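Inside the fold
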Amino acid sequence: MLGCPFSEAIDMWSLGCLMFIMICGKLPFSGRSEYEILRSITGLIGQPEDLVLSTGLQTKKYFNWTESNSWELKTSFEYFRCHLSSVKHHKLQSLDDLKIMRLEENNEAEATEREQCIELLKAMLKTGEDERIAPCQVLTHAFITKDYPNNVAEKSETSQRKMMRPKAAVMSKTRPACPTTAPPSSLACYSPPAGVILVRPATADNTLLLDSQGSKISGRSYWMFSFHFSVFE
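Everything numeric in this text was worked out from a predicted model, so none of it was measured. (Residues numbered from 1 in each chain as written. Predicted model: local features only at pLDDT ≥ 70, side-chain atom pairs only at ≥ 80, totals over all residues. Heavy atoms only, no water.)

Turning our eyes to something else, we now look at the overall build of the protein chain. The secondary structure content of the protein chain amounts to 12 helices and 2 strands. Helices and strands in the protein chain line up, N terminus first, as α-α-α-α-β-β-α-α-α-α-α-α-α-α. Out of the 233 residues belonging to the protein chain, those deemed buried represent 24%. Relative to all contacts within the protein chain whose residues are 6 or more apart in sequence, the contacts with residues 24 or more apart total 54%. (Helix = DSSP H or I, 4+ residues; strand = E, 2+ residues; numbered from the N terminus. Buried < 20%, exposed > 50% of the residue type's maximum accessible area, 1.4 Å probe, protein only. Contact = heavy atoms within 4.5 Å.)

This is the structure in structure tokens:
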């Protein structure tokens, strides 16, 4: 709106706006025009510093340079040539008002967490990008790094259950491995090495005799072996 230079720090501003919506369920800044949105911003978090406003290409459209050598937001009459009532989605005068709008009055821990949350929100919504909190600083903020009592208790109980679990119960879940050697009756469970083909014992009907014993070959046995060798060649 002001035409000021911006960097990736603008993403933290957007994250702060989303965080406000998650806390309040309402938009932080509202208005029917860019001027009304600017008035909503200055009313909730304050006017941007003069150094920031001086870099804006559109600053003079919304602000006046006063005799005290500072920028001042124009009135609705100066901007619209008429008086307009402000449009707000909330009744907050500042972000600090969120600290006292809490339901956990009897829970000191949750009240502290809410205060830390609002402090993080204020750091995200700084008008000057040099003052705005950086992503690496967010990761080390007290509201992010704090361990909640309920989560700590659940993790402790889970770890204790794992340590106290009987060894037999753990072993029962492990599927027994097949033996490396097995008798013919258990070949179904045996896994042969690569390149080895298992052959079941021949029955009386499928017997291959030596030439000295009559050279009798069962037709059924010969067909099955010839088929298997053609597949693996």
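Bringing the packing of aromatic side chains into the picture now. One pass over the structure, following the stated rule, counts 6 aromatic pairs. The rings of Y35, Y62, Y79 and F80 are connected pair by pair, giving a single aromatic cluster. (Phe/Tyr/Trp six-rings, centres within 6.5 Å; stacked < 30°, edge-to-face > 60°.)

Over its 16 residues, helix 1 (residues 9-24) runs 23 Å from end to end, which matches the ideal 22 Å to within 8%, given 1.5 Å per residue. Among all positions of helix 1, only A9, M12, W13, G16, C17, M19 and F20 are buried. Projected down its long axis, helix 1 carries its buried residues within an arc of 160°, all on one side. Turned more than 90 degrees off the buried face of helix 1, the exposed positions are D11 and M22. For helix 1, the secondary structure elements touched by its buried residues are helix 2 (34-45), helix 6 (97-100), helix 7 (108-124), helix 8 (135-139) and helix 9 (142-145). A positive backbone phi angle near 75° is found at G25, which sits one or two residues after helix 1. (Expected span 1.5 Å × (residues − 1). Arc of directions from axis to C-beta.)

Shape descriptors only; they carry no functional weight alone.
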